[in-house]
Amino acid sequence: MSSMSENTFGSSPSPGLTKRTYAVKVFAFAAAFTALAATAAMTGSAHVAAQAAAGPAPASMEFYNTRVKPIFQANCYRCHGGINRRGGFAMDTQAGMAQGGHDGAVIKPGHPEQSLLIALIRHEGPANDPMPMPPKGKISDADIATVTAWVKAGAVMPKD
Ligand code: HEC
C-alpha cells in the first residue's frame, strides 16, 4: 500500500505524555465510572438486554457489522479511519483497534469499565488529552449502550 499511510500510522507516544499521567487519568476515569455504575446498571443493562434480545448476539460478527461499525463509521472514521489517525488511533482495522492510540490500548475486551474508549464516548474520561469523543457532540445513549455491549462481549471484529 502507499507509504503515506504507513508514515502516518504514528504509534510513537505523544511527547508530553508520561506513563504516570496516563495512570492518573485512568484512575480518575475509573473513579468516575464507579460513581456512575449504579445509574448505568439501572438504565444501561435493561437497554442492552432489550437490544440483545431483539437482534444478533453482541459477541457475533454480525453484531459488529450491523450495529457497531455503522456507529463508528458515522461518528468516528473521519478522524480515526483510513489515513485519518488522530491521537495515533485507527479504528477501522482490527490491528488498529487492538493497538489503540498514543495512550496505548483503549479497549479491554470484556471490561467496558476499564476501557478508555468507553469512558471517552460517555464523556466521563479526561477533559482533555484525550478529550471526550467525538470532540463535538455526544453519540446517543442507545449507541453508547451498543458499543458498551460490544466491548463487554469481547470486542469481536473481523480480522484485517
Ligand atoms: C473531529 C475529529 C474526531 C472525531 C470525529 C473523533 N475523534 Fe477520537 N480523537 C481525536 C483526536 C484529535 C484525538 C487525540 C486527542 C488527544 O490526544 O488529546 C482522539 C483520541 C481518541 C482516543 C484516545 C486515543 C489515545 O490513545 O489517547 C479514542 C479512544 C478516541 N479518540 C475514540 C473516538 C471514538 C470512539 C470516536 C467516535 C465516537 C471518535 N474518537 C471521534 C479526534 C476525533
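Overview of the structure. (Residues numbered from 1 in each chain as written. Predicted model: local features only at pLDDT ≥ 70, side-chain atom pairs only at ≥ 80, totals over all residues.)

## Comments concerning the environment of Gly96
With respect to the helices and strands, Gly96 occurs in helix H5 (residues 94-99). In this structure Gly96 comes out as partly exposed when scored by C-beta crowding, with 19 C-beta atoms within 10 Å. Leave out the neighbours within four places in its chain, and Gly96 touches Phe89, Ala90 and Met91. (Helix = DSSP H or I, 4+ residues; strand = E, 2+ residues; numbered from the N terminus. Buried ≥ 20, exposed ≤ 12 C-beta atoms within 10 Å, placed from the backbone. Contact = placed C-beta atoms within 7 Å.)

## Thoughts on the packing of helix H3 (residues 61-75) against helix H7 (residues 141-152)
Closest axis-to-axis distance for the H3/H7 pair is 10 Å, and the angle between their directions is 130°. Viewed along their axes, H3 and H7 adopt a mutual orientation that is oblique. The chirality of how H3 crosses H7 is left-handed. Two secondary-structure elements touch here, H3 through Phe63, Tyr64, Arg67, Val68 and Ile71 and H7 through Asp143, Thr146, Val147 and Trp150. In terms of residue class, the contact of H3 with H7 is built from six nonpolar, one polar and two charged. (Axes fitted to C-alpha atoms, helices over the stretch in contact; angles between N-to-C directions. Parallel < 35°, antiparallel > 145°, perpendicular 65-115°, else oblique. Left-handed = near helix turned anticlockwise from the far one by under 90°. Nonpolar A, V, L, I, M, F, W, Y, C, P; charged D, E, K, R; others polar.)

## Let's talk about H7
Compared with the 16 Å implied by 1.5 Å per residue over 12 residues, the 16 Å span of H7 between its first and last C-alpha is a close match. Where H7 terminates, the next one or two residues include Gly154, which has phi positive at roughly 115°. (Expected span 1.5 Å × (residues − 1).)

## Things to note about the site of the ligand
Taken together, 25 residues are adjacent to the ligand, and Cys76, Cys79, Gly87, Gly101 and Asp103 come closest. When residues of the shell around the ligand are traced back to their parent elements, those giving at least two are helix H4 (77-80) and helix H6 (116-121). The element contributing the most residues to the shell around the ligand is H6, with four residues. When grouped by side-chain class, the residues that make up the shell around the ligand number 14 nonpolar, seven polar and four charged. (Near = placed C-beta within 6 Å.)

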